[in-house]
Structures are given as structure tokens and as C-alpha cells.
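What follows is the residue order along each chain.
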Amino acid sequence: MYEPIRSKSVHSVAATTTPATPRRSRDEELDLQLAGHLSALLTVTDELRALAPGDELGRAAEQLAECVARLRHGVAPARLPLATAVAATPDRIAALHRRAQALAGRALVVAASRQDTAGAVLAAQRLDAHDAALAAA
């Protein structure tokens, strides 16, 4: 009544072939995520430095750049030039602090998951700094 299957199963063929794309480990994926969040935070920090220059933001930007380079095995992140193209309104600065606060929070979660103490401390410091800046505004 039933005809026997004459060809190989699709599942067994797929299981024997090697995947076309390389796979990354969980640690490598977390490194990429953390580097991405910190790079985005660096971009916002550079934009804040352009709108409201300060020594504290300069030190923070350098620390973020060093951490991103460490996670990317020595490849330095792209940096935003300090030329201001947008007016430095209080609303714009507050919006950037909120954005930086969100990015620092995401970086803190990934750094904690990755067990990267240096990254977690840096993200927590930036989170506190942007909290304080928003409270002062």
C-alpha cells in the first residue's frame, strides 16, 4: 500500500554537511554585543563633548575607546569629530544623556553576563554620570 522511500532523508543529508557559515561561541557573541553597545555609547559621548565640552566627558571617551579596542582585539573604534553641527539646546543635551544612559544600562547587562569586570565598572560609572547629569538638568 505504501511505497518505500528511495531517496535519502533531507534531515540526514543536512546533518552530515558542514555549515556554510562559521559559528561563534557565546563569549565571542557577548564580546561583539558589548563592543557594539560601548561603541554606541562612545559616539553619544563624543557628541555630548562636542555640544558641552568637559574634562570628565573627555576622560570617559578615552576609557570607552580603550575598552572597545580591547574587546575588538586592538582595533580602534571610529570616533566622531568634535565639530558641532547641531545647536546645544538643553533639550538636545538631555536627550543625549537619556540615550547614553540607556546604552550604558545595556552595556552593563552584557558586561555582567560576560563577567567582564572592567566593562561592567565602566558602564556603571557612565550610567551614574548620566543619571547625575539628568538630575542636575
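The preceding data block contains the structure.
The notes below deal with the structure included here. (Residues numbered from 1 in each chain as written. Predicted model: local features only at pLDDT ≥ 70, side-chain atom pairs only at ≥ 80, totals over all residues. Heavy atoms only, no water.)

## Details of the overall build of the protein chain
Step number 1: The number of helices and strands found in the protein chain is five helices and zero strands.
Step number 2: When each of the 137 residues of the protein chain is scored for burial, the buried share is 31%.
Step number 3: Residue pairs in contact within the protein chain that sit at least 24 positions apart in sequence constitute 72% of those at least 6 positions apart.
Step number 4: Accessible surface computed for the protein chain: about 8900 Å², of which carbon and sulfur atoms make up 58%. (Helix = DSSP H or I, 4+ residues; strand = E, 2+ residues; numbered from the N terminus. Buried < 20%, exposed > 50% of the residue type's maximum accessible area, 1.4 Å probe, protein only. Contact = heavy atoms within 4.5 Å. Areas by Shrake-Rupley, 256 points an atom, 1.4 Å probe, with all protein chains shown as cover.)

## A look at the side chain of Asp116
Step number 1: Within the secondary structure, Asp116 sits in the loop between helix 4 (90-114) and helix 5 (117-136).
Step number 2: When neighbours within four sequence positions are excluded, Asp116 is seen to be in contact with Leu34, Arg70, Leu71 and Ala111.

## Focus on helix 5
Step number 1: The end-to-end C-alpha separation of helix 5 is 28 Å, in line with the 28 Å expected for 20 residues at 1.5 Å each.
Step number 2: Within helix 5, the full set of buried residues consists of Gly119, Ala120, Leu122, Ala123, Arg126 and His130. One side of helix 5 carries all its buried residues, which in axial view fall inside an arc of 165 degrees. Opposite the buried face of helix 5, by more than 90 degrees, sit the exposed residues Thr117, Asp128, Ala135 and Ala136.
Step number 3: Buried residues belonging to helix 5 abut helix 2 (26-51), helix 3 (55-71) and helix 4.
Step number 4: If you check the start of helix 5, you find a side-chain oxygen 3.3 Å away from the backbone N of Ala118, and it comes from Asp116. (Expected span 1.5 Å × (residues − 1). Arc of directions from axis to C-beta. Polar contact = N/O pair within 3.5 Å; in protein donor to acceptor, adjacent residues only side chain to side chain.)

## Some words on the pattern of salt bridges
Close approach of charged atoms allows side chains with opposite charge to pair.
Step number 1: Scanning the model with the defined rule gives nine salt bridges in all.
Step number 2: The partner of Asp31 in a salt bridge is Arg114, and the shortest N-O contact between them spans 2.0 Å. Here Asp31 is found in helix 2, whereas its partner Arg114 is found in helix 4, with 83 residues between them in sequence.
Step number 3: Owing to a relative accessible area of 24%, Arg114 belongs among the partly exposed residues under this scheme. (Salt bridge = Lys/Arg side-chain N within 4 Å of Asp/Glu carboxyl O.)

## Describing the environment of Ala88
Step number 1: Structurally, the position occupied by Ala88 is in the loop between helix 3 and helix 4.
Step number 2: Counting along the chain gives 36 residues from Ala88 to Ala52, while the straight-line C-alpha distance between them is 7.3 Å.
Step number 3: For Ala88, the residues in contact, after removing those within four places along its chain, are Leu51 and Ile93.

## Topic: the nonpolar core
Nonpolar side chains tend toward joint burial in soluble globular proteins.
Step number 1: Among the nonpolar cores identified, the biggest contains 27 residues, and Leu34, Leu38, Leu41, Val44, Leu48, Leu64 and Leu71 are the most heavily contacted of them.
Step number 2: Within the residue set of this core, elements represented by two or more residues are helix 2, helix 3, helix 4 and helix 5.
Step number 3: Here the element with the most residues in this core is helix 2; it accounts for nine residues.
Step number 4: With residues up to four places along the chain from it excluded, the contact list for Val44 reads Leu96, Arg99, Ala100 and Leu103. (Core = buried A, V, L, I, M, F, W, Y, C linked by side-chain atoms within 4.5 Å.)

## With respect to the side chain of Asp31
Step number 1: Look at Asp31 and you get buried, because its relative accessible area is 15%.
Step number 2: Beyond its immediate stretch of four places on either side in the chain, Asp31 contacts Leu71 and Arg114.

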